[in-house]
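Given next are the chains, with one letter for each unit.
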Amino acid sequence: MKKLNDLDLKILRRLTTNARVPLRDVAEGENSSRSSVNQRLTRMIENGVLTSLRYHVDPKKIGYSTCTYVGVTLERGSLYKEVAARFAEVPEIVECHFTTGPYTMLIKLYAIDNNDLMRIVNGIIQSTPGVAATETLISLDVSFDRSIHIPDQLPQ
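Residues numbered from 1 in each chain as written. Predicted model: local features only at pLDDT ≥ 70, side-chain atom pairs only at ≥ 80, totals over all residues. Heavy atoms only, no water.

## Observations concerning the nonpolar core
With 20 residues, the main nonpolar core has Val-72, Leu-74, Phe-87, Met-105, Ile-107, Leu-109 and Ile-125 as its most contacted residues. If you tally residues by element for this core, the top one is helix H5 (residues 114-125), at five residues. Once residues lying within four places of it in the same chain are set aside, the contact partners of Val-72 are Phe-87, Tyr-103, Thr-104, Met-105, Ile-107, Ile-125, Val-131, Ala-133 and Thr-134. Val-21, Val-37, Met-44 and Ile-150 belong to the second largest nonpolar core, which has 14 residues in total. (Core = buried A, V, L, I, M, F, W, Y, C linked by side-chain atoms within 4.5 Å. Buried < 20%, exposed > 50% of the residue type's maximum accessible area, 1.4 Å probe, protein only. Helix = DSSP H or I, 4+ residues; strand = E, 2+ residues; numbered from the N terminus. Contact = heavy atoms within 4.5 Å.)

Right under this line is the structure:
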């Protein structure tokens, strides 16, 4: 992958602040052409720097009032990919991480309410082959949610 330069970082910083800004405005703000900005975005998408171009939906606004983190302990760490593939089929699970520490995996999910949470944790997660134990942590409030900071220069 070609290394990101200062203009790439400026484009990323601008778009992670407001993804709806027209490319024309990004180009004008950076003294560049719209086609140059578009080519750079295409390259960053192809190289996996930008992993998605999507809107962020507030789960509470569509009925998911419970945000939960579940620490999952597997019988064997080698089951991670198999279990992660099963969890990927559960639409309420929005993140899944293979971790160090007390859990083999940490997942984030949204449930409609506590009954729905019990359905997901007890009926799906805990019944998944290879899952030995779970610990559920309910988020009471989101203090902030943001994209990764885009520095002026990348670390060497």
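## Brief notes about H5
Every α-helix carries 3.6 residues per turn, so stepping three or four residues along brings you back to the same face. Residues Asp-116, Leu-117, Ile-120, Val-121, Ile-124 and Ile-125 constitute the buried set of H5. Angular distribution of buried residues about the axis of H5 spans 125°; they occupy a single face of the element. Along H5, exposed side chains directed more than 90 degrees from the buried face belong to Asn-115 and Met-118. Next to the buried residues of H5 lie strand E1 (66-74), helix H4 (80-88), strand E2 (93-98), strand E3 (105-111) and strand E4 (131-139). Sitting at the amino-terminal end of H5 is Asp-113, which places a side-chain oxygen 3.1 Å from the backbone nitrogen of Asn-115. (Arc of directions from axis to C-beta. Polar contact = N/O pair within 3.5 Å; in protein donor to acceptor, adjacent residues only side chain to side chain.)

## Some details on the packing of helix H1 (residues 6-17) against helix H3 (residues 34-46)
Where H1 meets H3, the closest approach of the two axes is 11 Å, and the angle between their N-to-C directions is 85°. With respect to H3, the axis of H1 lies roughly perpendicular. Contacts between H1 and H3 involve Leu-7, Asp-8, Ile-11, Leu-12 and Leu-15 from the first element and Val-37, Arg-40, Leu-41, Arg-43 and Met-44 from the second. Classifying every residue of the contact of H1 with H3 gives seven nonpolar, no polar and three charged. (Axes fitted to C-alpha atoms, helices over the stretch in contact; angles between N-to-C directions. Parallel < 35°, antiparallel > 145°, perpendicular 65-115°, else oblique. Nonpolar A, V, L, I, M, F, W, Y, C, P; charged D, E, K, R; others polar.)

## Thoughts on the pairing of E3
On a regular strand, one side chain projects to one face of the sheet and the next to the other, so that they alternate. Counted residue by residue, E3 has six buried out of seven residues, so it is predominantly covered. Sheet topology places E2 next to E3; five bridges connect them, and they run antiparallel. Following the sheet pairing, Phe-98 is matched in E3 by Met-105. Following E2, the chain reverses through six residues before pairing antiparallel with E3; Gly-101 in that reversal takes a positive phi of roughly 95°. (Pairing = 2+ DSSP bridges.)

## Description of the side chain of Arg-40
Checked against the element boundaries, Arg-40 lands in helix H3. According to the relative accessible area criterion, Arg-40 is buried, its value standing at 17%. If near-sequence neighbours (up to four positions away) are discounted, Arg-40 is found in contact with Asn-5, Leu-7, Asp-8 and Ile-11.

Scope: geometric values only; no functional claims are made or implied.
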